[in-house]
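Chain by chain, the residues:
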Amino acid sequence: RPHADASRPGKVPTPTLESPRVCILAGSTRSTMSTQVSNAQIATRSSSLRRSHRQSRRAMVCVSAATPGSANRTSVAAEIVGTILKFPPLWEAASKGAKEKMVKRAGELGIEWEAEVNQLRSAVDWEQALKDATDPAVVENMPAYYKTSFHAYPEGNLGWDPALEVEVAAKAVHAPVFSEDGKTLEKDGDEKLRAGYHRAQAEAMDFIDPDMRKKAKKVVDVGCSSGLSTRALVGAFPDAEQFVGIDLSNYFIAVANHALDARPGDPNGYDRSKVRFQHGAGENLPFENDSQDLVSSCLTFHELPASAAQDVIREAYRVLRPGGCVSMMDMDPTAPAFQRIANNVFAFTAFKSTEPYLEQYAALDVQEVMRRAGFETVETRSSSPRHRTIVARKPAAAKLK
């Protein structure tokens, strides 16, 4: 907060080097979080500080979190964090801290973040790869919710840094997923998480229809990113004939195409004989009605506002054949591991700085949305201590709603 100027009451003073502070009162524990802000950062924002004096003077925010056991604790935490992150220097500090934590954790796992990313960065002519991956119509109609920051990247998913770093970041972020204390790291945590998805997916599909997996010949991966989830799908459905990965980021599609081209003749079928990637939106899939057997989405729904998540589910219903299946894996808001983060304002602040729609996802009843879209036999299974898998079938005699 700018230093107070006692000689000019009510006047917003010229900002100085004092760091903004956020004071959080959580239960009976009072803590203070500070972030260093440069002269240049403060100077460039001095005009906006003056325009929004009533909000910015509350860079010192003291709030009380919900008491233990309170049903609205997550919503209160979300309100607190929303207030904090509206102040740009605090958002920058939180997102920067989250990125630094990822890089540090990667180093603890023996992953050479910079070396791996630089090797990929020099692998191909990425500007040409981007042109080849881009659908101009998708760029023109890019939804507003996607043009925001994600995962500590100001450009969100629309840039080279997030696209080239996504795989090393996934290894770092998912390393503690299966540890009881949330601190013990496993280098194969990301691989185990994806395997957990397809184990839970298989259980649910077999429960709904023992022949459902065998019938899955045409598979769509919504929010495929760099192709990690698509690669896992190919392994989980060896009898499928076609896999199409869809993502709104043409940067991610470019990286996915490169990874595919680097594996010609892959023994598991992860090559262009069965797999292709396409720039597109999950809300507007490039398929005819009743044409696909399985629509899968892995770790995508928490990156969607509630309205977009509902649109994606309705679109999955449209393109699936009668008897086809929709399947998603993402964080489980009811899991104790998730609740520990949601109930810790500091942890939630770091999380929220990288996931702008987190509280909307946590509040969305995905199973009910699937039922309202027309799906039946909605099954939920645990994929990890922090994640769930939800599978549902389009009725065999279904008609488009």
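For the structure itself, consult the block above.
Draft legend 1. View of the packing of aromatic side chains. Counted according to the given criterion, the structure contains seven aromatic pairs. For the ring pair W160 and Y251, a centre distance of 4.9 Å and an interplane angle of 85 degrees mean the geometry is edge-to-face. Of the two residues, W160 is situated in helix α9 (residues 160-173) and Y251 in helix α13 (residues 250-261); the sequence distance between them amounts to 91 residues. Seen in terms of ring centroids, Y317 and F375 are 5.1 Å apart; in terms of plane orientation they differ by 90 degrees. Their pairing is edge-to-face. You can see Y317 sitting in helix α14 (residues 306-319) and its partner F375 sitting in the loop between α18 (366-373) and β9 (376-384), a full 58 residues away along the chain. As far as burial versus exposure is concerned, Y317 and F375 are alike and both buried. Ring pairs connect the aromatic residues Y145, Y146, F150 and Y357, which therefore count as one cluster. Over the ring of F178 we find K192, and its NZ or CZ is 4.9 Å from the ring centre.

Draft legend 2. Looking closely at the pattern of salt bridges. Following the criterion strictly, the structure yields 18 salt bridges and no others. In this structure, the salt-bridge partner of D266 is R263, at a minimum N-O distance of 2.9 Å. Residue D266 is classed as buried on the basis of its relative accessible area, which comes to 11%. Between R318 and E315 there is a salt bridge; the shortest N-O distance is 2.7 Å. Of this pair, R318 and E315 both sit in helix α14, separated by three residues, roughly a single helical turn. Across the pair, E315 and R318 agree in class, each one buried.

Draft legend 3. Seen up close, the pairing of strand β7 (residues 292-298). Of all seven residues in β7, seven are buried; the element is thus mostly enclosed. Bridging between strand β4 (residues 218-222) and β7 involves three bridges; their strand directions are parallel. Looking at β7, one finds that V220 is bridged to V295. Where β7 meets strand β8 (residues 320-331), six bridges bridge the pair, whose relative direction is parallel. Counted as the bridge partner of S297 is M328 from β8. What joins β7 to β8 is α14, and the crossover it makes is right-handed.

Draft legend 4. How the structure looks around the packing of helix α6 (residues 113-121) against α9. For the pair α6 and α9, interaxial distance at closest approach is 10 Å and the crossing angle is 135 degrees. With respect to each other, α6 and α9 are oriented oblique. Once α6 is placed against α9, the crossing between them reads as right-handed. When α6 is examined against α9, the residues W113, E116, V117, L120 and R121 are found in contact with a partner set consisting of W160, D161, L164, E165, V168, A169 and K171. Across the contact of α6 with α9, the residue classes break down as seven nonpolar, no polar and five charged.

Conventions adopted
Residues numbered from 1 in each chain as written. Predicted model: local features only at pLDDT ≥ 70, side-chain atom pairs only at ≥ 80, totals over all residues. Heavy atoms only, no water. Phe/Tyr/Trp six-rings, centres within 6.5 Å; stacked < 30°, edge-to-face > 60°. Helix = DSSP H or I, 4+ residues; strand = E, 2+ residues; numbered from the N terminus. Buried < 20%, exposed > 50% of the residue type's maximum accessible area, 1.4 Å probe, protein only. Lys NZ or Arg CZ within 6 Å of the ring centre and 35° of its normal. Salt bridge = Lys/Arg side-chain N within 4 Å of Asp/Glu carboxyl O. Pairing = 2+ DSSP bridges. Right-handed = clockwise from strand over helix to strand, strands pointing away. Axes fitted to C-alpha atoms, helices over the stretch in contact; angles between N-to-C directions. Parallel < 35°, antiparallel > 145°, perpendicular 65-115°, else oblique. Left-handed = near helix turned anticlockwise from the far one by under 90°. Contact = heavy atoms within 4.5 Å. Nonpolar A, V, L, I, M, F, W, Y, C, P; charged D, E, K, R; others polar.

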